[in-house]
Amino acid sequence: MRRPCGGAIRAGVLAGVLLGSGWLAAEESPAVSRAAPSPCAEGLAATLVVMEERSPMKDQVATALMWRRMDAWAALEKGEEEICQEHLAVVRSLLGLPEEDEAARRGSSPDPGEEKATVPADLSSSASAVSVPGMARPTIREVAQRAGVSLGTVSNVINGQARVRPETQALVERTIRELGYRPDAIAQSLIARRSQAGNGEGDADRPRLSAVGYLSVDYVAWLEELPEREERVTARTIERILGGPAANVALSAARLAGPALEVELITNLGFDEDSDWALVELDRRGVSTIGIERSADRRLSRAFVLVDRAGRRTIVNEPVMLGETDLLRYLGRIENRATAETPHCLHVEGFQISSLEGALPAVRKSGVFTSLHTVGLPGEWRTREGVERLGQLFDVLFVNLETARAVLGSEGEEGPLFQELCSLAGPRAGRGALVLTLGRDGAWLRAGDDSTWRIRPKRVRVVDRTGAGDVFAGAFLARWLGGGEFPLVLREATAAAAASVTRAGADFPAPDSTSWRALCEATPKPAPVLSPDAPSPA
């Protein structure tokens, strides 16, 4: 099960733990499966031994090694030996190991029926590895040495990922007890989630949210005033945080729902340092990374955010455009949920709608709900015809006031404006909803049963408005997928968005905190509205 969002674990700590105890859990021993081990598999097993000997490592090196090895094994499982070798070469380079020649890469295969130890077992030398206070804890290598089996065999016994002979399993389990070896729970949890990605099943017992789109590293500069043209200013401080509309939605949903909701992000990343940092940070905060595609010609998108004392901001970003083939390739691993007991929603940010439009009918046909936040909506969609089309493609639609005014060409009262918006893109019967967000003035909601709700939050001191709409959408979807009634869903989403503007970044208090409970209680309940044409309720 995914870890709760709370708890601060530095990237290097997570990477070091993965490398030092249990990362081989994803490496199935070819000997146990009765197939000859490939040179690439043997090379990856050998690099693990080196990493354990050198642990702990620097944060950047450790995270880079962790994800390169993961991608190498993913390529090997697909039979892509050459790609695996490319990743292995990078791993060896990061470790400072000499390059292997072609003959060494081809190697010689042992008897496929033999479970041979990769390191000679030496009971006298490994006896000191027994876990006692004040001594370094034993490693998976020492378990393999003591038991006289391969590293992969020990891994398979620990994780149950391949069949092992009963007598061998008993031997390994006894050795683990004697040495006091403890596989790392964090590593096993991460590996389990990556393994689930292979069949796309996820956790059938939990509702699921898949956010598609933009992930960036935001460099946020805190200023007294936003600079004028040609002006040079000094920031109070500059911070690095995760950003991007889709990422903010996913992070907010994971924070509010915790382990009750399975949240994942579908995007594109590279193998650069920022991408490695982002992957570890997403996992730390409860967002699965199984839907992320990585390639050498990409890097994590960057954004520069300038925020002044009044909370006004200027954002410069590099959008990531996902092609239709990216989503369809992922959808091939999504099970048909037409009869599923727990809902699954695919959330799309406005930036991606043009490239993903063609894939959405297949999503809805599979029984998956769809939602869209209009942030970044291209100009061709900011028309009456475009919004009407959005109403046909999405079950839940979040439209901000600026977009609504641009589409309808109206500066009139918000009530009639919302009514006109509903006539274009009102929700279909069922669980759907159309939400018009009004910033500090709250929101309107039209439900699939034609009920209409209006909420007005209390005023708060604004620090940073960045991502407030994303937080609203993420919190809304978390509670909606959890089966909440619309008044409760709307109230908590409004509370989360209001809280997010009082602090830096798209964040809000932990849902089990006193401050969160106080904030929810202070947020007025939504009022039912019989006719949106009537004056807005106070």
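About the thresholds
Residues numbered from 1 in each chain as written. Predicted model: local features only at pLDDT ≥ 70, side-chain atom pairs only at ≥ 80, totals over all residues. Heavy atoms only, no water. Axes fitted to C-alpha atoms, helices over the stretch in contact; angles between N-to-C directions. Helix = DSSP H or I, 4+ residues; strand = E, 2+ residues; numbered from the N terminus. Parallel < 35°, antiparallel > 145°, perpendicular 65-115°, else oblique. Left-handed = near helix turned anticlockwise from the far one by under 90°. Contact = heavy atoms within 4.5 Å. Nonpolar A, V, L, I, M, F, W, Y, C, P; charged D, E, K, R; others polar. Phe/Tyr/Trp six-rings, centres within 6.5 Å; stacked < 30°, edge-to-face > 60°. Expected span 1.5 Å × (residues − 1). Pairing = 2+ DSSP bridges. Buried < 20%, exposed > 50% of the residue type's maximum accessible area, 1.4 Å probe, protein only. pLDDT = per-residue confidence, 0-100. Core = buried A, V, L, I, M, F, W, Y, C linked by side-chain atoms within 4.5 Å. Arc of directions from axis to C-beta. Salt bridge = Lys/Arg side-chain N within 4 Å of Asp/Glu carboxyl O.

1. Here we look at the packing of helix 20 (residues 486–500) against helix 21 (residues 514–522)
Logical step 1: Axis separation between helix 20 and helix 21 bottoms out at 9 Å; the angle between their running directions is 120°. One finds that helix 20 runs oblique with respect to helix 21. Classified by chirality, the crossing of helix 21 by helix 20 is right-handed. Judged by residue contacts, R491, E492, A495, A496 and A499 of helix 20 engage W516, L519, C520 and E521 from helix 21.
Logical step 2: Looking at the contact of helix 20 with helix 21, its residues break down into six nonpolar, no polar and three charged.

2. Focus: the packing of aromatic side chains
Logical step 1: A full pass over the atoms with the stated rule returns eight aromatic pairs.
Logical step 2: Residues F472 and F476 carry aromatic rings whose centres are separated by 6.2 Å and whose planes lie at 25° to one another, so their mutual orientation is stacked. Here the residue F472 and the residue F476 both occupy positions in helix 19 (residues 468–481), the gap between them amounting to four residues, near one helical turn.
Logical step 3: Here the aromatic cluster, defined as three or more aromatic residues joined through ring pairs, consists of F398, F472, F476 and F486.

3. Overview of the packing of helix 11 (residues 245–257) against helix 19
When two helices pack together, you describe them by how their axes are tilted relative to each other and by the distance separating the axes.
Logical step 1: At a minimum axis distance of 7 Å, the contact between helix 11 and helix 19 shows a crossing angle of 45°. Classified by the angle between their axes, helix 11 and helix 19 sit oblique to one another. Pair helix 11 / helix 19 crosses with right-handed handedness. Contacts from P245, N248, V249, S252, A253, L256 and A257 in helix 11 reach D470, V471, A473, G474, A475, L477, A478 and R479 in helix 19.
Logical step 2: The residue inventory of the contact of helix 11 with helix 19, partitioned by class, reads ten nonpolar, three polar and two charged.

4. So, helix 9 (residues 166–179)
Logical step 1: Helix length check: helix 9 (14 residues) gives 20 Å between terminal C-alpha atoms against 20 Å at 1.5 Å per residue, within 8%.
Logical step 2: Once helix 9 finishes, G180 follows within two positions and takes phi at roughly 75°, a positive value.

5. Topic: the sheet that holds strand 15 (residues 527–528)
Logical step 1: Across the sheet, which stays open at both edges, the nine strands sit in the order 4-1-9-10-11-12-13-14-15 with mixed pairing between neighbours. The sheet is open, and its two edges are formed by strand 4 (262–266) and strand 15, each paired on a single side.

6. What about the pairing of strand 4?
Logical step 1: Where burial is concerned, most of strand 4 is hidden: five out of the five residues are buried.
Logical step 2: Note that strand 1 (residues 208–212) and strand 4 share five bridges and pair parallel. Residue pairing across strands places A211 opposite L265, the latter belonging to strand 4.

7. Notes on the pairing of strand 14 (residues 452–455)
Remark: a regular strand shows side chains that alternate across the two faces of the sheet.
Logical step 1: Going residue by residue along strand 14, you find T452 and R454 tucked away on one face and W453 and I455 tucked away on the opposite face as well.
Logical step 2: Here strand 13 (residues 443–447) pairs with strand 14 via four bridges, running antiparallel. Residue pairing across strands places L445 opposite W453, the latter belonging to strand 14.
Logical step 3: Between strand 13 and strand 14, which follow one another and run antiparallel, lie four residues, and D450 among them has a positive phi close to 75°.
Logical step 4: As judged from the two bridges shared by strand 14 and strand 15, these two strands associate in the antiparallel manner. Residue W453 lies in a different strand from strand 15, and its bridge partner there is P528.

8. Regarding the confidence of the model for the chain
Logical step 1: Averaged over all residues, the pLDDT of the chain equals 75, while 70% of them reach at least 70.
Logical step 2: Across residues 1–35, where pLDDT falls below 50, the model places 115 contacts with residues more than four positions away in sequence or in other chains.
Logical step 3: Across residues 534–538 the pLDDT falls below 50, and counting only partners more than four positions away or on other chains, this stretch makes eight contacts in the model.

9. Here we look at the nonpolar core
Logical step 1: Core analysis: the biggest nonpolar cluster contains 57 residues, and L215, L445, F472, F476 and W480 have the highest contact counts within it.
Logical step 2: Other than its neighbours up to four places away in sequence, L215 contacts L242, G243, A247, L265, T267, L269, A278, L282, L300 and S301.
Logical step 3: By size, the runner-up hydrophobic cluster in this structure holds 32 residues, among which are V212, I353, L372 and L408.

10. Here we look at the environment of A496
Logical step 1: Note that A496 resides in helix 20.
Logical step 2: When neighbours within four sequence positions are excluded, A496 is seen to be in contact with V471, A475, F508 and W516.

11. Details of the sheet that holds strand 2 (residues 216–222)
Logical step 1: Strand order in the open sheet formed by four strands is 3-2-7-8, and the pairing between neighbours is mixed. Each having just a single partner strand, strand 3 (237–243) and strand 8 (313–317) make up the two edges of the open sheet. Recorded for the sheet is a direction-independent mean angle of 20° between the axes of neighbouring strands.
Logical step 2: Relative to strand 7 (residues 301–307), strand 2 runs parallel, the two being bridged by seven bridges. Along strand 7, the bridge assignment pairs D218 with A303.
Logical step 3: Contacting strand 2, strand 3 and strand 7, helix 12 (residues 273–284) crosses the sheet at an angle of about 65° to strand 3.

12. Considering helix 16 (residues 384–393)
Logical step 1: Within helix 16 the residues assigned to the buried category are G386, V387, L390, G391 and L393. The arc that holds every buried residue of helix 16, seen down its axis, measures 165°, which confines them to one face.
Logical step 2: In this fold, the buried residues of helix 16 make contact with helix 14 (353–356), helix 15 (360–365), strand 10 (369–373), strand 11 (396–400), helix 17 (401–408) and helix 18 (414–425).

13. Topic: unusual backbone geometry
Logical step 1: Although it is not a glycine, E230 adopts a positive phi angle of roughly 70°.
Logical step 2: Accessibility expressed as a relative area gives 79% for E230, which makes it exposed.
Logical step 3: For D450, which is not a glycine, the phi torsion comes out positive at approximately 75°.
Logical step 4: Within the secondary structure layout, D450 lies in the loop between strand 13 and strand 14.

14. Structural notes on the pattern of salt bridges
Logical step 1: Inspection of every chain in the model, using the stated rule, returns 17 salt bridges.
Logical step 2: Note that R236 is salt-bridged to E224, the shortest N-O span being 3.4 Å. Placement of the pair is R236 in the loop between strand 2 and strand 3 and E224 in the loop between strand 2 and strand 3, with a sequence separation of twelve residues.
Logical step 3: With a shortest N-O distance of 3.8 Å, E411 and R405 are connected by a salt bridge.
Logical step 4: Residue classification places E411 among the exposed residues on the basis of a relative accessible area of 67%.
Logical step 5: A residue is classified by how much of its surface remains accessible, and R405, at 19% relative accessible area, is buried.

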